[in-house]
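Structure at a glance
Here is what each chain is made of, one letter per residue.
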Amino acid sequence: QVQLVESGGGLVQAGGSLRLSCAASGRTFSSYTMGWFRQAPGKEREFVAAISWTGGNTYYSDSVKGRFTISRDNAKNTVYLQMNSLKPEDTAVYYCAASRSRWFPLSTREASYDYWGQGTQVTVSS
């Protein structure tokens, strides 16, 4: 069992930056594929970014490519999402997710992920 706890959300102006963190419990974090998803009010949850268990492969949705960067520190059992050039449409609850499978290519499907955090709110004002 893995527990995921997100942090780093908040209120930021358009054009600003935030860094989300997701701390994972357990000694097997380094073997998990990790992903970030988000859910805006009134919309379905959507894929944002994913990173392989080694950190060597990453994948982004088109809407965040070039602005967001996913990374991980296996020694700290933590995955990060650096968000730059934020836009009002990035406003959402952001969720961290972990998959026991070593997907290649990286999966963008919610069903591929086994564990989920509670989410952290990101609000971007115009």
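Higher on the page you've got the structure.
Given the structure is predicted, the values throughout are model-derived calculations rather than measurements. (Residues numbered from 1 in each chain as written. Predicted model: local features only at pLDDT ≥ 70, side-chain atom pairs only at ≥ 80, totals over all residues. Heavy atoms only, no water.)

1. Some thoughts on the packing of aromatic side chains
Evaluated as defined, the whole model comprises six aromatic pairs. The interplanar angle of 80° and the centroid separation of 5.6 Å between the aromatic rings of Phe 37 and Phe 47 together place this pair among those described as edge-to-face. Of this pair, Phe 37 sits in strand S4 (residues 33-39) while Phe 47 sits in strand S5 (residues 46-51), placing them 10 residues apart in sequence. Residue Phe 47 is classed as buried on the basis of its relative accessible area, which comes to 10%. (Phe/Tyr/Trp six-rings, centres within 6.5 Å; stacked < 30°, edge-to-face > 60°. Helix = DSSP H or I, 4+ residues; strand = E, 2+ residues; numbered from the N terminus. Buried < 20%, exposed > 50% of the residue type's maximum accessible area, 1.4 Å probe, protein only.)

2. Details of unusual backbone geometry
Of note in the backbone geometry, Asn 77 takes a positive phi value of approximately 55° without being a glycine. For Asn 77, the location among the structural elements is in the loop between strand S7 (68-73) and strand S8 (78-83). Although it is not a glycine, Ser 85 sits at a positive phi angle of roughly 50°. If you trace the backbone, Ser 85 turns up in the loop between S8 and strand S9 (92-99).

3. Here we look at the pairing of S8
Most of S8 is tucked away: five of the six residues are buried. With six bridges joining them, strand S3 (residues 18-24) and S8 adopt antiparallel strand pairing. In the strand pairing of S8, Leu 18 is matched with Met 83. Relative to S8, S7 is paired through six bridges, and the arrangement is antiparallel. Its bridge partner lying in S8, Asp 73 is registered against Thr 78. Following S7, the chain reverses through four residues before pairing antiparallel with S8; Asn 77 in that reversal takes a positive phi of roughly 55°. (Pairing = 2+ DSSP bridges.)

4. Looking at the pattern of salt bridges
A complete count under the given rule lists six salt bridges for this structure. With a shortest N-O distance of 2.9 Å, Arg 38 and Asp 90 are connected by a salt bridge. Of the two residues, Arg 38 is situated in strand S4 and Asp 90 in the loop between S8 and S9; the sequence distance between them amounts to 52 residues. Like Asp 90, Arg 38 is buried. Overlapping salt bridges, with partners in common, bring together Arg 38, Glu 46, Arg 67 and Asp 90 in one network. (Salt bridge = Lys/Arg side-chain N within 4 Å of Asp/Glu carboxyl O.)

5. Some words on the environment of Ala 75
As for its placement among the helices and strands, Ala 75 is situated in the loop between S7 and S8. Taking relative accessible area as the criterion, Ala 75 reaches 76% and is therefore assigned exposed. With 27 residues separating them along the chain, Ala 75 and Arg 102 place their C-alpha atoms 19 Å apart.

6. A closer look at the nonpolar core
Counting 30 residues, the largest nonpolar core has Leu 4, Met 34, Trp 36, Val 79, Leu 81, Met 83 and Tyr 94 as the members making the most contacts within it. Grouped together as the second largest cluster of nonpolar side chains are six residues, Phe 37, Ala 50, Ala 97 and Leu 106 included. (Core = buried A, V, L, I, M, F, W, Y, C linked by side-chain atoms within 4.5 Å.)

7. Re the sheet that holds S3
One open sheet holds the four strands; their spatial order is S1-S3-S8-S7, and the pairing between them is antiparallel. Edge positions in the sheet fall to strand S1 (4-7) and S7, since each has one partner strand and no second. The sheet shows a mean angle of 15° between the axes of neighbouring strands, direction not considered. (Axes fitted to C-alpha atoms, helices over the stretch in contact; angles between N-to-C directions.)

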